Amino acid sequence: MKKMILSLLVLSSVAQSSELDNLSDTSNAIVDQIDKGIKLVGAAQGYAYTGSGLSDGTVSSTAHISAEQLQAYNNALSGMSTYQAFGDLQTVLEEKAYTELDMMDEAINVFTEVVVDMIAVQEVADMSEQASSPQEEADVQTFVENNIEVLTITQEEVETYNTSMDDIETHANNASAFLAVAGNKEAVEFLEQGVENANTTAEQTNIFYDANAQWVTMGYNTTRNLTAVYLNGQNFGLDLYVTEAEVLAVGSESEYYLTGPTSQSYDCFMYETGCMEL
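Not measured: the values here are computed from a predicted model. (Residues numbered from 1 in each chain as written. Predicted model: local features only at pLDDT ≥ 70, side-chain atom pairs only at ≥ 80, totals over all residues. Heavy atoms only, no water.)

### Description of the layout of surface pockets
Here is step 1: Roughly 1500 Å³ of volume is contained in the largest pocket.
Here is step 2: If you go around the largest pocket, you meet 37 residues; those closest to its centre are Met165, Ile168, Val247, Leu248 and Gly251.
Here is step 3: Mapped onto the lining of the largest pocket, the elements with two or more residues apiece are helix H3 (89–118), helix H7 (155–182), helix H9 (244–252) and helix H10 (255–258).
Here is step 4: Among the residues making up the lining of the largest pocket, the classes are represented as 24 nonpolar, 10 polar and 3 charged.
Here is step 5: A volume near 220 Å³ is recorded for the second largest pocket.
Here is step 6: Leu40, Val41, Ala43, Ala44, Tyr47, Gly53, Leu54, Ser55, Gly57, Thr58, Val59 and Ser60 together form the lining of the second largest pocket.
Here is step 7: Of the residues in the lining of the second largest pocket, the class split is 7 nonpolar, 5 polar and no charged. (1 Å grid on protein atoms, 1.4 Å probe; cavity = no way out; pocket = protein on both sides within 12 Å on 5 of 7 lines; lining within 4 Å. Points joined across faces, edges and corners; volume = space filled by probe spheres on them. Helix = DSSP H or I, 4+ residues; strand = E, 2+ residues; numbered from the N terminus. Nonpolar A, V, L, I, M, F, W, Y, C, P; charged D, E, K, R; others polar.)

This is how it looks when you write it as structure tokens:
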């Protein structure tokens, strides 16, 4: 669904940029015909008054304006009613958000794969925690000795895990910031005014989220000025920052967590046995 929306946004952006091209092409096509007609009229006067030349009687039709040309031009005129000379800032923000969501999904795939590789640690944790007698402790020892290669976690796996975690958080925050601004009418209008003041288009700006400054800022190709929308409640009612406890609370209710190995069990995650109903 997300990729479908992104495709529609791209198509919308292409349509927006082609509206002016359509008007230019269709109007120039008619101007070319009128230009040819004026030349033919001038030639007619010259030849007719002097009796110095004749056409074959069909030249005038080559200067006709066709029904197709007329319809294309009038359609292009109608299309300009939705044309945005300074670009579509909301679409630009949404496109940037969906790009970040794609990168987040890629990082989640990496995270999931490395968790599958390491999750045998959960079985070790469960067995060692539940061992309450010498025999059960001996069973843990035997299990570890017999499966040492599978149970060992490599430094490479840890680095992949840690990096994917950072990437997920970064891309999730970027996407959330762009979508929040795109969904705030006042913030969009504020940034649109910045685009107009800089005499450029939304598509030619550089928009990015800065976690340290807690804003989405926009730079221009025509000036060194920046326009910023704060996300910490300073303007436009955008107060997005949540605590670690709130993040974990939302995560604990997510489908990704509830179907995962630490919420269910190792056997459920790996072998789909003993799973709890959600």
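### Thoughts on the packing of H3 against H7
Here is step 1: Contact geometry for H3 and H7: axes closest at 7 Å, N-to-C directions at 160°. The angle between H3 and H7 falls in the class roughly antiparallel. For the crossing formed where H3 meets H7, the hand is left-handed.
Here is step 2: Looking at the contact of H3 with H7 residue by residue, the class counts come to 21 nonpolar, 5 polar and 6 charged. (Axes fitted to C-alpha atoms, helices over the stretch in contact; angles between N-to-C directions. Parallel < 35°, antiparallel > 145°, perpendicular 65-115°, else oblique. Left-handed = near helix turned anticlockwise from the far one by under 90°.)

### Describing a nonpolar patch on the surface
Here is step 1: On the surface, Ile34, Ile38, Ile65 and Leu70 cluster together to form a nonpolar patch covering roughly 370 Å² of accessible area.
Here is step 2: Looking at where isoleucine 34 falls in the secondary structure, it is placed in helix H1 (residues 2–50).
Here is step 3: Given the relative accessible area of 44%, isoleucine 34 is considered partly exposed. (Patch = residues over 30% accessible without salt bridge, like charges linked within 9 Å, V, L, I, M, F, W, Y side chains within 5 Å. Areas by Shrake-Rupley, 256 points an atom, 1.4 Å probe, with all protein chains shown as cover. Salt bridge = Lys/Arg side-chain N within 4 Å of Asp/Glu carboxyl O. Buried < 20%, exposed > 50% of the residue type's maximum accessible area, 1.4 Å probe, protein only.)

### Focus: the environment of isoleucine 65
Here is step 1: Mapping isoleucine 65 onto the fold places it in the loop between H1 and helix H2 (67–79).
Here is step 2: Under the relative-accessibility criterion, isoleucine 65 is labelled partly exposed at 42%.
Here is step 3: A sequence separation of 11 residues divides isoleucine 65 from leucine 54, and the C-alpha atoms of the two residues are 23 Å apart.
Here is step 4: Each residue touching isoleucine 65, except ones within four places of it in the same chain, is listed here: Ile30, Gln33, Ile34 and Leu70. (Contact = heavy atoms within 4.5 Å.)

### Describing the pairing of strand S1 (residues 206–210)
Here is step 1: Burial of S1 is one-sided: the residues Ile207 and Tyr209 facing one way are buried, the residues Asn206, Phe208 and Asp210 facing the other way are not.
Here is step 2: In the sheet, S1 pairs with strand S2 (residues 215–219) via 5 bridges, with the strands oriented antiparallel. Along S2, the bridge assignment pairs asparagine 206 with glycine 219.
Here is step 3: Linkage of S1 to S2, two consecutive antiparallel strands, is achieved through a turn of 4 residues, within which glutamine 214 is found at a positive phi near 60°. (Pairing = 2+ DSSP bridges.)

### Here we look at the state of the cysteines
By definition, a disulfide links two cysteine residues through a covalent bond between their sulfur atoms.
Here is step 1: Counting across every chain of the model gives 1 disulfide.
Here is step 2: The disulfide that involves cysteine 268 links it to cysteine 275, with 2.0 Å between the sulfurs. Here the disulfide of cysteine 268 and cysteine 275 is right-handed, its torsion about the S-S bond being about 110°.
Here is step 3: Judged by its relative accessible area of 8%, cysteine 268 falls in the buried class. (Disulfide = S-S within 2.5 Å.)

### With respect to the environment of lysine 39
Here is step 1: Take lysine 39: it is sitting in helix H1.
Here is step 2: Given a relative accessible area of 57%, lysine 39 falls into the exposed group.
Here is step 3: Taking the C-alpha atoms as reference points, lysine 39 and asparagine 235, 196 residues apart in sequence, are found 61 Å from one another.

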